[in-house]
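One letter stands for each residue in the lines below.
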Amino acid sequence: MALLSDRQKEELHKSMLEYLHTSNFTAAYNALKEDTGVEYTPDPKAKYAGLLEKKWTSVIRLQKKIMDLETRNASLQEELSIAPSKRAAMQADWVPRAPAAHVLTGHRGHITRVAFHPQYSILASASEDATVKIWDWETGEFERTLKGHHRAVHDVDFDHKGHLLVTCSSDLFIKIWDSENEWKNTKTLSGHDHSVSSVRFMPGDQYIVSASRDSTIRVFDVASTHLVRTISGHSEWVRCAVPSDDGRLLASASKDKTAKLWDPLTGECKGELRGHDNELETVCFAPVAAYAAIRELAGLPNVGSKGPGAYVATGSRDKTIKLWDVQSGQMIKNLPGHDNWVRALVFHPSGKLLLSAADDKTIRVWELSTGRCMKTVEAHSHFVATLAWGRQRVSTAKSNGADPKAGEAEKLVNVVASAGVDQIIKIWLP
């Protein structure tokens, strides 16, 4: 198949003939002229004079230029992949880095908790100023204040669709707010005898679970607002109670220096985790994605439970974080490093890292497979009380968290919020 047109062929032949003639290659000149059948009279002033040499040198020059451009392109690509913003947007290993993208101000008391909406760029914050504030975390803009509690608000949580918001307070009440209806307070639940320190929607959103300074955990029916179950067992203030992704277990952290595991349907205590030297502030279940790294840390083969609720992490006033095997109740690893009370824990969506926030004003990033603190972010000017990872899914698939395969197919959006005693919320973005 000819790559050159007839005109291009003719030009090439004449250029070659001119070159052979000026180089005194008479036999080659005559042979080429005969083979091609081209009528050509050499002329030093014709356009073919020196044309072959010019073309040849320009090709060499272009080749060198292309090679230089390819090298430059490769180095720029590498630079881009390392650049935090691009890498963070593309890669699954992004972690917060200073400075924060937005600093949200407006609360007049310590901020106790922040929670992301599961679908929209909405963040809710709870504060000791007795209010909940709603923000747009993408723009950093304040949207509204929810008033209804009369004392400090300690926790806030969205249901899995983001239609409802639940809050709890030192005024002993739990309130439900309707995000679809101007954020109206549609239900108020009571039952605790002392300050309510945490509240969460159970998977399925039919029930909420709360923990209180009255040393109990309570389960309420969302539709009827009735108290369904009171779970007793802790001897002191229960700081928080959280459900596993499938809702089959509850984990609680208490001032009595223990964490406990419960069956939410029967209220039966399934296990007790002892080992901290001071009050516990927080507990959270490890996602299924983290199991491989945790087993590597423990020196265990990567076999065993594939369902939610196999491992938990606890944070305490003894300045340590501990990882536990739920089934055996054994501590897998102690993570020292913070210089003050550990207040909040969140697992990285990749399952490879754990993030912690503490009263030493920092956020720390821990590599789960080794237990090593790989990054410290000087986050706030005062104690950091709360930390949350964005709940929005990058893919459109929906997962209730119970199916590990579905969980792996989706990626949580890269955004982290932190807040605390300095009364400001920081939004950390790629």
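Above this text is the structure in question.
Here we summarise the structure given alongside this text. Keep in mind the model is a prediction, meaning the values are calculated, not measured.

### Topic: the side chain of Asp360
Here comes step 1: Structurally, the position occupied by Asp360 is in the loop between strand E23 (353-358) and strand E24 (362-367).
Here comes step 2: Apart from the residues within four sequence positions on either side, Asp360 is in contact with His338, Asp339 and Asn340.

### Details of the pairing of strand E18 (residues 280-285)
Here comes step 1: Burial of E18 is extensive: 6 of the 6 residues sit out of reach of the surface.
Here comes step 2: Here 5 bridges tie E18 to strand E19 (residues 311-316), and the two strands are oriented antiparallel to one another. Looking at E19, one finds that Leu280 is bridged to Ser316.

### Quick notes on the state of the cysteines
Here comes step 1: Following the criterion strictly, the structure yields 0 disulfides and no others.
Here comes step 2: Sulfur of Cys168: no disulfide; nearest cysteine sulfur belongs to Cys240 and is 11 Å away.
Here comes step 3: The structure places no disulfide on Cys269, whose sulfur is separated from the nearest cysteine sulfur, that of Cys240, by 15 Å.

### Some remarks on the pairing of strand E14 (residues 238-243)
Here comes step 1: Summarising burial for E14: 6 of the 6 residues are buried, a large majority.
Here comes step 2: Between the end of E14 and the start of strand E15 (residues 250-254), which pair antiparallel, lie 6 residues, with Gly247 showing a positive phi angle near 75 degrees.

### Some remarks on the sheet that holds E23
Here comes step 1: As summarised here, the arrangement of the 4 strands in space is E22-E23-E24-E25, forming an open sheet in which the pairing is antiparallel. Pairing within the sheet leaves two strands with one partner each, and these edge strands are strand E22 (342-347) and strand E25 (372-378). For this sheet, the mean angle separating the axes of adjacent strands, direction not counted, is 20 degrees.
Here comes step 2: For E24 and E25, the ladder comprises 6 bridges, and the chain directions are antiparallel.

About the thresholds
Residues numbered from 1 in each chain as written. Predicted model: local features only at pLDDT ≥ 70, side-chain atom pairs only at ≥ 80, totals over all residues. Heavy atoms only, no water. Helix = DSSP H or I, 4+ residues; strand = E, 2+ residues; numbered from the N terminus. Contact = heavy atoms within 4.5 Å. Buried < 20%, exposed > 50% of the residue type's maximum accessible area, 1.4 Å probe, protein only. Pairing = 2+ DSSP bridges. Disulfide = S-S within 2.5 Å. Axes fitted to C-alpha atoms, helices over the stretch in contact; angles between N-to-C directions.

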